[in-house]
Amino acid sequence: MPIYEYRRSKTSSGCDVCVDGFEAVHKMSDPRITSCPECDGEVERVMSVASFSTREPSATTLAHANVEKKGFTRYERAGPGSYVKTAGNGPTTLSR
Ligand SMILES: [Zn+2]
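Reference entry: report on the structure contained in this document. Owing to the predicted nature of the structure, the values given are computational and were not obtained by experimental measurement.

Attention now goes to the overall build of the protein chain. Across its full length, the protein chain holds two helices and six strands. Along the protein chain, from the amino end to the carboxyl end, the secondary structure elements read β-α-β-β-α-β-β-β. When contacts within the protein chain are restricted to residue pairs at least 6 apart in sequence, those whose partners lie at least 24 apart make up 36%.

Turning to the sheet that holds strand E4 (residues 74–79), a few remarks are in order. Spatially, three strands are ordered E4-E5-E6 in an open sheet, and the strand pairing comes out antiparallel. The open sheet terminates on both sides in strands that have one partner only, identified here as E4 and strand E6 (93–95). Each adjacent strand pair in this sheet contributes to an overall mean axis angle of 30 degrees, direction not counted. With three bridges joining them, strand E5 (residues 82–87) and E6 adopt antiparallel strand pairing. Residue Tyr-83 lies in a different strand from E6, and its bridge partner there is Leu-94.

Right, let's talk about the nonpolar core for a bit. Of all hydrophobic cores here, the largest spans five residues; its members are Tyr-4, Tyr-6, Cys-18, Cys-36 and Val-43. Tyr-6 has contacts with Cys-18, Gly-21, Phe-22, Ala-24, Ile-33, Val-43, Glu-44, Arg-45 and Val-46, leaving out every residue within four places of it along the chain.

Our next topic: the sheet that holds strand E3 (residues 43–46). Within the open sheet, the three strands sit side by side as E2-E1-E3. Their pairing is antiparallel. Taken across any chain shown, the strands that pair with only one partner, and hence form the sheet edges, are strand E2 (22–25) and E3. Across the sheet, the mean angle separating the axes of adjacent strands is 40 degrees when strand polarity is ignored. As paired elements, strand E1 (residues 3–8) and E2 share four bridges and run antiparallel to each other. Pairing of Ile-3 across the sheet is with Val-25, part of E2.

Looking now at the pairing of E5. In this sheet, E5 lies alongside E4 in antiparallel orientation, the contact comprising five bridges. The residue bridging Tyr-75 from the neighbouring strand is Lys-85, located in E5. Joining the antiparallel neighbours E5 and E6 is a turn of five residues, in which Gly-88 adopts a positive phi near 90 degrees.

Moving on: the environment of Glu-23. Looking at where Glu-23 falls in the secondary structure, it is placed in strand E2. Along the sequence, Glu-23 and Arg-7 sit 16 residues apart, while their C-alpha atoms lie 8.7 Å from each other.

This next bit is on unusual backbone geometry. Excluding glycine, most residues fall at negative phi; most peptide bonds, likewise, are trans. Positive phi, normally seen in glycine, also occurs at Asp-40, with a value near 70 degrees. Within the secondary structure layout, Asp-40 lies in the loop between E2 and E3. C-beta crowding within 10 Å serves as the criterion here: with 11 such atoms nearby, Asp-40 is assigned to the exposed category.

The rules behind each value
Residues numbered from 1 in each chain as written. Predicted model: local features only at pLDDT ≥ 70, side-chain atom pairs only at ≥ 80, totals over all residues. Helix = DSSP H or I, 4+ residues; strand = E, 2+ residues; numbered from the N terminus. Contact = placed C-beta atoms within 7 Å. Pairing = 2+ DSSP bridges. Axes fitted to C-alpha atoms, helices over the stretch in contact; angles between N-to-C directions. Core = buried A, V, L, I, M, F, W, Y, C linked by C-beta atoms within 7 Å. Buried ≥ 20, exposed ≤ 12 C-beta atoms within 10 Å, placed from the backbone.

This is how it looks when you write it as structure tokens:
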């Protein structure tokens, strides 16, 4: 089932749960959630790709295991023009 992300609407002051957004798993045919389960404030669905959170990059979403699972390769800058792979498939180092 797809994961949907919801966040407080601009007209709602929100609470800890919906200010940062929360994820809900439900069928595409199910009605979208319109209010926060915590504060009952108005929420809106955030544009999201199924099973992939659009949340701002965080420690969780950028964890190496997640990166690999999503089929991405991640490189970190090792020096001027040189990059070292930290996750995923691909050459171990890149250099310009
Ligand atoms: Zn809330």
